[in-house]
Amino acid sequence: MRIPWAPAAFVLLLGACSHMEPLPEWVQAPSSRDLEQVLSGELLFDEPPADNELPPYDLMTLSPMMRVVAEEVALQYRHPDQRAEALHRALLSSPMAGGLGMRYTALNTTTAARAFERREVNCLSFTLMYVAMARHIGLNAEVNDVQVPPVWDFRDGESFLLFRHVNAKVMLPRSEELVIDLEMERYSPVYEQKVIGDRVVAAQFYNNLGMERVAAGDRRQGFLHLRRALQLDDRQSYLWNNLGTLYKRMGVNGAAEVAYRQGLTLAPGDLSLMSNLASLYEAEGETDKAAYFLERVRKHRNSNPYYLYSLAREQLANGDLAQAERYLEQAIARQAEEPRFYALAAEIYDQRALPEKAELMRRKAESRREEVYL
């Protein structure tokens, strides 16, 4: 894998799962009738929303100016790798450097053309824009779904944030691949990832818009967008998770449980679904069920190499070098290809005044970087 030009990806989910034990019998897949009711919206609104209330979106339609910019790149560069990198530069570099200076914004998911017009992108909008323009000049570009580690909150030892993230992947001659991302320094080839089709991409687009509408207080539009996402691809557990969360926020806990259980049926190792079910059962007074899912979350978390890496960083900051080293050894045993683990080990050995071990870890970190990026 080659390193593209420019620092710059917004990282948005971890899914890396070890073998998960089977779900108990009381966690049954919902009936088709229950799913139909949840998807209808009849439990949320006096008049269930109709699909024609939702405006259509042309996700990757190019504006005339987008064509001009892409075609200028194609005129200057012949080889696919040069074109791919030049297009990246043209979009992200500052106007003073001859680029368009796209600015990052966390929310406000938009189509490729709208993002280009506004010069504001999040990871999905940027990827849609880049892939559409790259395809226009003959590049074999696809959307790449990346599972990034969760962000753990050590104040209570339980909370975590999971994000979805996409970037672009350009298929080059000789089976090489070029990853194009907004924040390359936060991306790692070690993360689980896969190319996804345009239909799945559209589902992510509607999901993002749906959650943005919910956050803005427009729950009807939020529901409509989530339902459209599920019509496009009902196999994604995070879509059911978000639909369940909408129901829970509106106090319809039975429907929330149906959506959560459907998501868990699709992805038995989904940490967010397990955590949300634990919270739901706790609120309903079903403490045994809540405790079951909390324990599963803890077990999965404690075997996660990036959680162990986070613990090692925390212990290093606290000055407990021995404990930091133990956590990091466990992390490396579970994910030996991650360069950042060895870089942190070098820091620990530096502080322990073990220069030979520190240097060995630095060499391993550099070696892993070369292996995973090149």
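A.B. asks: Residues and numbers for the packing of helix 1 (residues 32-40) against helix 9 (residues 253-266), please.
C.D. replies: Relative to each other, helix 1 and helix 9 sit at 115 degrees, their axes nearing to 10 Å. In terms of orientation, helix 1 lies roughly perpendicular with respect to helix 9. Judged by the twist between their axes, the crossing of helix 1 over helix 9 is left-handed. From helix 1, Asp 34, Leu 35 and Val 38 reach across to helix 9, where they touch Ala 255, Val 258 and Gln 262.

A.B. asks: Please set out the nonpolar core residue by residue, giving values where relevant.
C.D. replies: Membership of the largest hydrophobic core comes to 85 residues, with the highest contact counts inside it found for Leu 91, Phe 116, Met 129, Tyr 130, Met 133, Val 170 and Tyr 247. A per-element tally of this core places helix 5 (residues 123-136) first, with 10 residues. When residues no more than four places from it in sequence are discounted, the contact partners of Phe 116 are Ser 63, Met 65, Met 66, Val 69, Leu 91, Leu 100, Met 102, Met 129 and Met 133. Val 146, Val 190, Leu 308 and Tyr 309 belong to the second largest nonpolar core, which has 29 residues in total.

A.B. asks: Just give me the short version of the pattern of salt bridges, but keep the residues and values in it.
C.D. replies: Scanning the entire structure with this criterion turns up 16 salt bridges. Between Arg 114 and Glu 117 there is a salt bridge, with the nearest N and O atoms lying 3.4 Å from each other. Placement of both Arg 114 and Glu 117 in helix 4 (residues 112-118) is noted, with a separation of 3 residues, approximately one turn of the helix. Under the relative-accessibility criterion, Arg 114 is labelled partly exposed at 38%. Here Glu 359 makes a salt bridge to Arg 362, at a shortest N to O gap of 3.5 Å. Residue Glu 359 and its partner Arg 362 are both found in helix 15 (residues 355-373); the two are separated by 3 residues, about one turn of the helix. Assessed through its relative accessible area of 35%, Glu 359 is described here as partly exposed. For Arg 362, a relative accessible area of 35% gives the class partly exposed. One salt-bridge network, held together by shared partners, links Arg 103, Arg 118 and Glu 120.

Cut-offs applied
- Residues numbered from 1 in each chain as written.
- Predicted model: local features only at pLDDT ≥ 70, side-chain atom pairs only at ≥ 80, totals over all residues.
- Heavy atoms only, no water.
- Axes fitted to C-alpha atoms, helices over the stretch in contact; angles between N-to-C directions.
- Helix = DSSP H or I, 4+ residues; strand = E, 2+ residues; numbered from the N terminus.
- Parallel < 35°, antiparallel > 145°, perpendicular 65-115°, else oblique.
- Left-handed = near helix turned anticlockwise from the far one by under 90°.
- Contact = heavy atoms within 4.5 Å.
- Core = buried A, V, L, I, M, F, W, Y, C linked by side-chain atoms within 4.5 Å.
- Buried < 20%, exposed > 50% of the residue type's maximum accessible area, 1.4 Å probe, protein only.
- Salt bridge = Lys/Arg side-chain N within 4 Å of Asp/Glu carboxyl O.

The analysis is restricted to geometry; functional conclusions fall outside its scope.
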